[in-house]
There are 2 protein chains.
Amino acid sequence: MPYPEEAEGYQVDSPETYTEFHKRFFKLKPFGDYDVDIKIEACGVCGSDHHTISGGWGEQKFPLCVGHEIIGKAIRVGPKVTLVKEGQRVGVGAQSYSCGECKQCKNDNETYCPVLMIDTYGAEWPETGIVSQGGYSSHVRTHEHWVFPIPEQLETNLVAPMLCAGLTAYSPLVRNGAGPGKKVGIVGLGGIGHFGIMFAKALGAETWAISRSRAKEADSLKLGADGYIATAEEGWEKPHLCSFDLIINCASSSQGFDLAKYLSMMDVHGRWISVGLPEEEGQVIKAQNLISNGVLIGASHLGSRREMLQMLQLAADKGLKGWVEELQIGEEGLKEAMNRIQKGDVRYRFTMTGYDKVFG
Amino acid sequence: MPYPEEAEGYQVDSPETYTEFHKRFFKLKPFGDYDVDIKIEACGVCGSDHHTISGGWGEQKFPLCVGHEIIGKAIRVGPKVTLVKEGQRVGVGAQSYSCGECKQCKNDNETYCPVLMIDTYGAEWPETGIVSQGGYSSHVRTHEHWVFPIPEQLETNLVAPMLCAGLTAYSPLVRNGAGPGKKVGIVGLGGIGHFGIMFAKALGAETWAISRSRAKEADSLKLGADGYIATAEEGWEKPHLCSFDLIINCASSSQGFDLAKYLSMMDVHGRWISVGLPEEEGQVIKAQNLISNGVLIGASHLGSRREMLQMLQLAADKGLKGWVEELQIGEEGLKEAMNRIQKGDVRYRFTMTGYDKVFG
């Protein structure tokens, strides 16, 4: 079987036509000694995909094939690869390369590398002019550090969304001490938030789901939440004043957000960590808002390889799985995914499947 | 010698007349079993005093005698007092009471007590109608937890400003890990900032002073800074990208502040802690500003009794002292202090002295 020099995938041409996907061939980056070629079997649909192609995050490199919650089979490994075996089932997430040499890369902070950051799609490989293309496609070619063996207990279509949404929730939980004796809140019950509840609980924290209405209460409890807060209800924050050690804010919009009320629920030096990147203007923050409990506000970006492997093992050990609706990859399925993400009509993640039907 | 039931001090009547101080008698709170009466010998002049009486922080309880960097002699101790001896030289800072019973009070976070917070001036003692009055006066009456024995090596007039400004700088330094191997920045070289440099260096951190112009460079190096950054200079942040573990923001104004440039200097998960409370509207913060290095933004409020005692001992051990200009307490001296603080014309703290001349 010949190795691919090209991949075939579904590209979008502009923000104005972002629900129109076109099946095309495009060039892969030159194969390196540490690279792994992956034949894709499934790919989760991330809010980032929508933000990117719809223009919400600003200018992008079109035409572009998005998708960065990839599961597939390693069909070729470079001569220096030691972390992945040919034939192994593997995943790729939202980032596909960093410098590998700097303080951050050597300190489990490779997703914060200030030197070189190649996202799985939309980033230009240095000295090639080739723009990385994502997982709504037949193949990706990825450096082994960014390729993650998938424990056999995990089902392909259900684990796919963990490769971005899952890790995005997991990393700030473990970096900020979620565990027994801690009270943790998860704001925003979408793709990331539903993993947040699942993982916070699995890590042993007292876990609260925080959402606008009560519409997602039953789901939250099924996901493992110990309690539920509906912020549309008067006085919602009062019973929780000064009590949360950590809140992960997964909301994809900051509109109508009364941040001061959320922060009043934080224990002294508690942490409010945002993982969503709303398209709107930010929040006005005064030192006065932070000083009554010395709360810390931060943000978190993906997670390290080490955390990815830990998360996958935790999911395997505890039988955790994404709540997934499967859609057939193709022009129609991708259009439906984008239209429904736009409306927030997904509980809680789409996985594009049936790759063999369109890519053989 | 009879114990005082009243104190005599300098009060202001309104924000419109905040540089006019009037010498008057006012009632002390009822003497409690844990209270200490202190005959005041010196009091530092804090930016808070100016913010409070000039109306910058909103409505206050006038007439009001401010001042909360108090040094004096304990002339009477309640029957249950164990932490202070009669005749001892002691200090009182910006806070004078908290509930003492809650999780925060029992966990060295009494300055974040959500139950009861009595500031040294301007707070009403429950069930008495008596508003606490500060240290531009002959005496204060304070619960022993908030009365701090002063090590004998420290000079009264030079240690006074440590009781608020010093602790405000010291607490976030130790709570956020300032020490050997850490790179720490101090923004804003006023009363708090000059202590910030001194203490960061004394704690063993690589210490950088950060100010607008180079005007305070020589002073900063004398105070112990290892380096100096002038933010009026093009490209000032570039040599420091992703390198600071901690920056304490002591600036008293946020006008013209390009927060994103400051944050770009932070190492991954570095901390930007504000201790000033500017009168202006706050900063607009987007998750996007925080995500490239996962920086945490916070604020800090004073410090615990335990930290106060540690700080005073550190100052005694290392021979640290505030850079102080002394002014004679009285209508004239206080007016001069307020006018010059308004203009930022102080390096780096005033201490009101000569109490015996006006209060006998």
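Residues numbered from 1 in each chain as written. Chains lettered and ligands numbered in written order. Predicted model: local features only at pLDDT ≥ 70, side-chain atom pairs only at ≥ 80, totals over all residues. Heavy atoms only, no water.

Enquirer: What's the story with the domain arrangement of chain A in this structure? I'm lost.
Expert: The accessible area lost on association of the parts is a frequent measure of interface size. All names here are of chain A. Segmenting chain A into domains produces domain 1 (6-164 + 304-357) and domain 2 (165-299). With centres defined by C-alpha atoms, the gap from domain 1 to domain 2 works out at 27 Å. Contacts between the two partners involve 26 residues from domain 1, matched on the other side by 26 residues from domain 2. For the pair domain 1 and domain 2, the summed buried surface comes to about 2,200 Å²; carbon and sulfur atoms form 60% of the total. For the domain 1 face of the interface with domain 2, the top three residues by lost area are Glu-307, Trp-323 and Tyr-348, together amounting to 30%. Close ionic contact of Arg-175 with Glu-307 constitutes a salt bridge, the shortest N to O distance being 2.8 Å. At the surface where domain 1 touches domain 2, the tally comes to 16 residue pairs in polar contact (both at pLDDT 80 or more). Per-element tally for the side of domain 1 that touches domain 2: the top contributor is helix α8 (residues 305-318), with six residues. (Domains from an automatic or database assignment. Contact = heavy atoms within 4.5 Å. Buried area = accessible area lost by both parts, 1.4 Å probe. Salt bridge = Lys/Arg side-chain N within 4 Å of Asp/Glu carboxyl O. Polar contact = N/O pair within 3.5 Å; in protein donor to acceptor, adjacent residues only side chain to side chain. Helix = DSSP H or I, 4+ residues; strand = E, 2+ residues; numbered from the N terminus.)

Enquirer: Is there a simple way to explain the packing of aromatic side chains in this structure?
Expert: Between two aromatic rings, the relevant description is the distance of the centres plus the angle of the planes. Here the structure, examined in full by the defined rule, presents 18 aromatic pairs over all chains. The interplanar angle of 50 degrees and the centroid separation of 5.7 Å between the aromatic rings of Tyr-355 of chain B and Phe-359 of chain B together place this pair among those described as tilted. Of this pair, Tyr-355 of chain B and Phe-359 of chain B both sit in helix α10 (residues 355-359), four residues apart, roughly one helical turn. What makes Tyr-355 of chain B buried here is its relative accessible area of 3%. Assessed through its relative accessible area of 16%, Phe-359 of chain B is described here as buried. In textbook terms, an aromatic cluster arises when at least three aromatic residues are bridged by ring pairs, as seen for Tyr-10, Tyr-355 and Phe-359 of chain A. Over the ring of Phe-31 of chain A we find Arg-76 of chain A; its NZ or CZ atom is 3.6 Å from the centre of that ring. Between the NZ or CZ atom of Lys-29 of chain B and the centre of the ring of Trp-125 of chain B, over which it lies, the distance is 4.9 Å. (Phe/Tyr/Trp six-rings, centres within 6.5 Å; stacked < 30°, edge-to-face > 60°. Buried < 20%, exposed > 50% of the residue type's maximum accessible area, 1.4 Å probe, protein only. Lys NZ or Arg CZ within 6 Å of the ring centre and 35° of its normal.)

Enquirer: Help me out: how do you make sense of the packing of helix α3 (residues 165-175) of chain A against α8 of chain A in this one?
Expert: For any two helices packed against each other, one specifies the crossing angle of their axes together with the interaxial distance. Residue and element names in this part refer to chain A. α8 packs onto α3 with a crossing angle of 100 degrees between their chain directions and a minimal axis gap of 10 Å. By the angle between their directions, the pair α3 and α8 is classed as roughly perpendicular. Touching Gly-166, Leu-167, Tyr-170, Ser-171, Val-174 and Arg-175 of α3 are Glu-307, Met-308, Gln-310, Met-311 and Leu-314, all from α8. For the contact of α3 with α8, the residue count by class is six nonpolar, three polar and two charged. (Axes fitted to C-alpha atoms, helices over the stretch in contact; angles between N-to-C directions. Parallel < 35°, antiparallel > 145°, perpendicular 65-115°, else oblique. Nonpolar A, V, L, I, M, F, W, Y, C, P; charged D, E, K, R; others polar.)

Enquirer: Help me out: how do you make sense of the relation of the copies chain B and chain A in this one?
Expert: Mapping between the two chain copies consists of a rotation about an axis together with a translation along that axis. Taken as rigid bodies, chain B and chain A are interconverted by a rotation of 180 degrees and an axial shift of 0.0 Å, the fit giving an RMSD of 0.0 Å. Here the two chains are linked by the operation of a two-fold rotation axis. Proximity to the rotation axis, assessed at the C-alpha, singles out Val-284 of chain B in chain B; its C-alpha lies 2.0 Å from the axis. Taken together, the interface assignments show that 100% of the residues at the interface of chain B recur at the interface of chain A, consistent with an identical surface on both copies. (Least-squares fit on C-alpha atoms with pLDDT ≥ 70 in both.)

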